[in-house]
Structures are given as structure tokens and as C-alpha cells.
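Residue-level structural notes
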2 protein chains.
Amino acid sequence: MPGEKPSKETVLAWARLMRAGRHVLGAVERDLKQAGFPPLAWYDVLLELRRAKGGLRPGALEAELLIAQHNISRLLVRLEEAGLIERRRHPEDGRGQIILISEEGRALLRQMWPIYRTAIETHVGAKLKSEKEAGELARLLGALLE
Amino acid sequence: MPGEKPSKETVLAWARLMRAGRHVLGAVERDLKQAGFPPLAWYDVLLELRRAKGGLRPGALEAELLIAQHNISRLLVRLEEAGLIERRRHPEDGRGQIILISEEGRALLRQMWPIYRTAIETHVGAKLKSEKEAGELARLLGALLE
DNA sequence: TCCATATAGATGCAGTTGCATCTATATGGG
DNA sequence: CCCATATAGATGCAACTGCATCTATATGGA
């Protein structure tokens, strides 16, 4: 229904979602870059691929990571050039392909995680009073995803 | 201290912060674009300028909006080309300038707000159970900003 | 079978961002 | 006053993103 008006609390939550997202993402990316690692998007893709035994189609990555189709397409080109993934033809769908994480990709995940998890603790965990608060924040953010 | 490990709740909160941020931002930007309006960043700058009677220096916008210096610099070029802002030399600091919102800029804010506020209500307010939840989410996100 | 339509993914081009650097002015110490 | 250093903002270039479109394969109905 058009014209619905958000409450003050809703507007504040929206504004802080944007600000906090930028602030925390910026801080985490800075930490990763300073350690000589590629952007978070690379980690995200590789992590999804490692989770999914048997690889994933680009379209699945797109849906999971909320990245536009053409951006996934080119991100995969970069990851392939870096030797972090492998492409296979899809056995049943001639239009499709299956993306697999390579051993180098797995190694990169292992190398990045200590830096990454420290960044998450520093920029998120340490700012909250308790695990209960972190859980509550996660729950509320989950609601925004429907 | 290096090597600190985040709790599961913290990692989940981080992951959802990124996902929810992208999801909600994408949805709001889509609504604005569909109504023929420029990106949110334009609104953000104009809103800050309207709030600050007497204009702002680019550096102040940079700090307030968490946008990099060179991006503010070029965003202001676009806003100026669109006639939405005015530049003045800074009266005391010869390196600096003062940015003011123009009448066209104010008009754009007025035109965008009905669409924008509906988008906020649709993609944030309606997903939460109550104003109390929205307030709690705002509080927790605020903690991430220190 | 054949065709219209749908879907998976790639690509050309323009606009935007990140990174490093540059210019101009300001400021503080000698 | 002069110089070294700091700060405000701009800019060249490369990388990335959005947008529209394109190619290739798949699918469902006549």
C-alpha cells in the first residue's frame, strides 16, 4: 500500500543499518587488505563453494550472496584467473556450469580465517555487551530478510 | 589483541548484517529508481546539507556519511552539475569550501521523501513486529558504531 | 517436429569507486 | 619571515559495477 509512513524507530533502524553496515564492512575490509588478502567477496564465494559439496551453479551463488548475475559472472572470471576455482560443464543442462573450489581456494580460506575472525570479533563482538545481544541482533536482522 | 575468536552469535550477527544491509538497500534503491529518482547517496548528501543551516564542508560530509574523500569530491561534482547544490569559497580557510543545498535540491528532497519513506516502511518497518523491536534493532546497530 | 518463449550465463559500454598522487593553502617552529 | 610539515580537496588511472543486450540451450505447446 503506497504512502505508508514508518515510525521514528523504523527510520532510525534503517539509518543505522546503513551506517553500521558501511562502518563495519569498511573496518573488516581494511583489516583483510592490510594483511594482504583479497576482498571479502572472494571469501564469500569460496566459503559457499566449500560448504556445498559438489560445487554450485553461478545462479545459486547469485541467490545466496545477493550479487547481481553479471557481477557473479565476472567475479568468477577473476577467481578462476587466480586459480581459486574450477569450472565444469553441467552434466544435464548445456547452458549451465558447475563451479568448484580448488585446493588453492581452500588454502586461501584457511589463511584468511584467522584474520577475518579477529576482525569480526573486534568490530562486531567486542561492541556488543553479551552473546545474548549478538543473538538478538542476529534475530532482528534475520527478520529483515523475511 | 590478535587471535580473538568471535562467538557463533557474533559471526551470525555479522553475516546477517551484511546480508540484510545488501538486501534492504537493494530493495530501497530499486523503489527509488523505479520512481525515476537518483541514488540514495544523493539524498543522503542533500539531507545533511539541509539539516546543517549554513552549509557544510566536504570533509564534514565525508565524516558524517562514511564516504571516502575522493568519492565525496566527485559526488559533489555530479550534484553541482545537476543544480542541486552550490559551492562557496570558505571565508577563513582558503583551501576549503562550503557546500549549500539549492532550492532545486530542497525540492528533490521533498519529492523523494514520500517514495523513500514508503520504501523504508515496506522493507524495514513491516518486517519487524513492533516499534519496540525497531528501537531495539536501532540500539544494537548503534552499539556497532561505538 | 517446429516454433515461441524462457532461462543460464557472457559481454560492450558507461558510470562509479578505490588508490595513489598532486596542488594549494595553512600552521607551527626556528 | 622562512621553511617543513599538515590538511583540504582534486585528479589520472585501473578496477569494479550497473545496465542493456546477446548467445546458447531448454522447455512446452501446436
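Quick look at the structure, then. In this numbering scheme, every chain counts its residues from 1 along its sequence in written order. Each chain takes a letter, starting from A, and each ligand takes a number, starting from 1, following the order in which they are written. Only residues with pLDDT of 70 or above have their local features reported here, since the model is predicted, and side-chain atom pairs are shown and tallied only from 80 upward, although totals for entire chains, interfaces and linings are computed over all residues.

1. Regarding the overall build of chain A
Helix and strand definitions here come from DSSP, where helices need a minimum of 4 consecutive H or I residues and strands a minimum of 2 consecutive E residues; each element is numbered from the N-terminal end. Assigned secondary structure in chain A consists of six helices and two strands. Seen through its principal axes, chain A has C-alpha atoms that stretch 50 × 45 × 25 Å. Exposure criterion: with C-beta atoms placed from backbone coordinates, a residue whose C-beta has 20 or more other C-beta atoms within 10 Å is buried, one with 12 or fewer is exposed, and one in between is partly exposed. Per-residue burial for chain A yields a buried fraction of 29% across its 146 residues. The long-range fraction of contacts in chain A, counting pairs at least 24 apart against all pairs at least 6 apart in sequence, stands at 50%. The contact rule is simple: place each C-beta atom from the backbone, and if two of them lie within 7 Å, those residues are in contact.

2. Examining the relation of the copies chain B and chain A
The copies were overlaid by least squares, fitting only the C-alpha atoms of residues that reach a pLDDT of 70 or more in each copy. Overlaying chain B with chain A gives an RMSD of 0.0 Å, the required rotation being 180° about an axis along which the chain moves by 0.0 Å. Those values place the two copies in the arrangement expected of a two-fold rotation axis. Counting the interface residues of chain B, we find that 100% of their copies in chain A are interface residues as well, pointing to one common contact surface.

3. Some details on the protein's contact with DNA strand D
By definition, a residue lies near a molecule or strand provided its backbone-derived C-beta atom is within 6 Å of it. In the region of DNA strand D, 22 residues are neighbours, and Gly94 of chain A together with Arg57, Gly59, His70 and Ser73 of chain B sit closest. Contributions of two or more residues to the surface near DNA strand D are made by helix H4 (69-81) of chain A together with helix H3 (58-65) and helix H4 (69-81) of chain B. By residue class, the composition of the surface near DNA strand D is five nonpolar, nine polar and eight charged. Each residue is assigned to one of three groups, with Ala, Val, Leu, Ile, Met, Phe, Trp, Tyr, Cys and Pro labelled nonpolar, Asp, Glu, Lys and Arg labelled charged, and all others, Gly among them, labelled polar.

4. Regarding the interface of chain B and chain A
By a frequent convention, interface size equals the accessible area lost on bringing the separate parts together. Between chain B and chain A, the contact holds 48 residues from the first and 48 residues from the second. Counting residues per element, the ones that place at least two in the side of chain B that touches chain A are helix H1 (8-34), helix H5 (103-123) and helix H6 (131-144) of chain B. Of all the elements, H1 of chain B adds the most residues to the side of chain B that touches chain A, at 17 residues. Split into classes, the residues belonging to the side of chain B that touches chain A amount to 24 nonpolar, 11 polar and 13 charged.

5. A short note on the environment of Leu141 of chain B
Along the chain, Leu141 of chain B turns up in helix H6. You can call Leu141 of chain B buried: it has 27 C-beta atoms within 10 Å. Spatially, the C-alpha atoms of Leu141 of chain B and Ala82 of chain B are 34 Å apart, while their sequence positions differ by 59 residues. Excluding residues within four positions of it along the chain, Leu141 of chain B makes contact with Ala13, Arg16, Leu17 and Ala20 of chain A.

6. Topic: the environment of Leu47 of chain A
Within the secondary structure, Leu47 of chain A sits in helix H2 (residues 40-51). Residues Leu47 of chain A and Lys129 of chain A, spaced 82 residues apart in sequence, show a C-alpha to C-alpha distance of 28 Å.

7. A look at the protein's contact with DNA strand C
For DNA strand C, the set of nearby residues contains 22 residues, the closest of which are Arg57, Gly59, His70 and Ser73 of chain A together with Gly94 of chain B. Among the elements of the structure, helix H3 (58-65) and H4 of chain A together with H4 of chain B are those that each provide at least two residues to the surface near DNA strand C. The class makeup of the residues in the surface near DNA strand C is five nonpolar, nine polar and eight charged.

8. Quick notes on the packing of H3 of chain B against H4 of chain B
All names here are of chain B. Simply put, an axis is a line fit to the C-alpha atoms, just over the touching stretch for a helix, and the angle between two N-to-C directions goes from 0 to 180 degrees. Between H3 and H4, whose axes approach to 9 Å, the crossing angle comes to 115°. As H3 runs across H4, the sense of the crossing is right-handed. Contact with H3, carried on its side by Pro58, Leu61 and Glu62, involves Gln69, Ile72, Ser73 and Leu76 of H4 and no other residues of that element. Along the lines of polarity and charge, the residues of the contact of H3 with H4 split into four nonpolar, two polar and one charged. For any helix crossing, the convention is left-handed if the near helix is rotated counterclockwise from the far helix by under a right angle, and right-handed if that rotation is clockwise.

9. Some thoughts on H2 of chain A
Residue and element names in this part refer to chain A. Its 12 residues give H2 an end-to-end C-alpha distance of 16 Å, which sits within 8% of 16 Å, the value for a rise of 1.5 Å per residue. Within the sequence span of H2, burial applies to Trp42, Val45, Leu46 and Leu49. With its buried residues spanning 95° around the axis, H2 presents them on a single face. Its buried side turned inward, H2 meets H3, H4, strand S1 (85-89), strand S2 (97-101) and helix H5 (103-123). Expected helix span is taken as 1.5 Å per residue step, with the number of steps being one fewer than the number of residues. To obtain the arc, one takes the directions from the helix axis to the C-beta atoms.

10. Remarks on the nonpolar core
In these notes, a nonpolar core means any group of buried Ala, Val, Leu, Ile, Met, Phe, Trp, Tyr and Cys residues linked to one another through C-beta atoms within 7 Å. In terms of nonpolar packing, the biggest core is built from 64 residues, with Ala13, Leu137 and Leu141 of chain A together with Ala13, Leu137 and Leu141 of chain B touching the most fellow members. Among residues more than four places away in sequence, those in contact with Ala13 of chain A are Val124, Ala134, Leu137, Ala138 and Leu141 of chain B.

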